[in-house]
Amino acid sequence: CLYMYADRQKVRHKIIADSLLRLAIFRQRMGILGLSINHSQKVRVRVVLARIWMRPAAVALELWNKVVMDVIYATQRALADKSPMIARFLKRVMVDAFYVWHTAVEEALRHRRIIKSIRTRVVYGAAIAALQNW
């Protein structure tokens, strides 16, 4: 894992060095031509370089978050195995989510039944009116 990280770091540093070299060459060309780089281009280049530089920190934070969450889940599983009451407490969030989903499904079914009954009344109402006029 460390070797892969070191390889990625080498690649990133090479990309950054190449980008800075290209930027320097671009600045020279613009200076030779008598043109100047406008502010938005400078900001855009600065943002891209900042993202390239900050990527290792973001990867490290994601990895750290994954490790912490794995430890939390392992601790919860170990506690749940020891006591049924703790298992119920830890599963409460899942049960609450299931209850919310269940109530949403029941309400959607109720709405469908209401719409179906209204549609049936409209269809049969038209048929009854047609028969009365006939």
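Residues numbered from 1 in each chain as written. Predicted model: local features only at pLDDT ≥ 70, side-chain atom pairs only at ≥ 80, totals over all residues. Heavy atoms only, no water.

### Considerations on the pattern of salt bridges
Alright, step 1. A complete count under the given rule lists one salt bridge for this structure.
Alright, step 2. With its nearest N and O atoms 3.2 Å apart, the salt bridge here joins D18 to K14. Of this pair, D18 and K14 are both found in helix α1 (residues 2–33), four residues apart, which corresponds to roughly one turn of the helix. (Salt bridge = Lys/Arg side-chain N within 4 Å of Asp/Glu carboxyl O. Helix = DSSP H or I, 4+ residues; strand = E, 2+ residues; numbered from the N terminus.)

### Overview of the side chain of R12
Alright, step 1. Structurally, the position occupied by R12 is in helix α1.
Alright, step 2. This buried residue, R12, is left without a salt bridge; E62 holds the nearest opposite charge, at 8.8 Å.
Alright, step 3. With residues near it in sequence (within four places) discarded, R12 still touches I52, R55, P56 and V59. (Buried < 20%, exposed > 50% of the residue type's maximum accessible area, 1.4 Å probe, protein only. Lys, Arg positive; Asp, Glu negative; His and termini not counted. Contact = heavy atoms within 4.5 Å.)

### Regarding the packing of aromatic side chains
Alright, step 1. Throughout the structure, instances matching the rule amount to one aromatic pair.
Alright, step 2. Ring geometry for F98 against W101: centres 5.5 Å apart, planes inclined by 35°, an arrangement best described as tilted. You can see F98 and its partner W101 sitting in helix α3 (residues 84–133), three residues apart, about one turn around the helix. (Phe/Tyr/Trp six-rings, centres within 6.5 Å; stacked < 30°, edge-to-face > 60°.)

### Some words on a nonpolar patch on the surface
Alright, step 1. Among the surface-exposed residues, L61, W64, V68, M69, I72 and Y73 lie close enough to one another that they form a single nonpolar patch of about 570 Å² accessible area.
Alright, step 2. When its relative accessible area of 36% is taken as the criterion, I72 is described as partly exposed. (Patch = residues over 30% accessible without salt bridge, like charges linked within 9 Å, V, L, I, M, F, W, Y side chains within 5 Å. Areas by Shrake-Rupley, 256 points an atom, 1.4 Å probe, with all protein chains shown as cover.)

### A look at the confidence of the model for the protein chain
Alright, step 1. With 90% of its residues at a pLDDT of at least 70, the protein chain reaches an overall mean of 79.
Alright, step 2. Across the protein chain, α3 holds the top mean pLDDT of 84, while α1 sits lowest at 75. (pLDDT = per-residue confidence, 0-100.)

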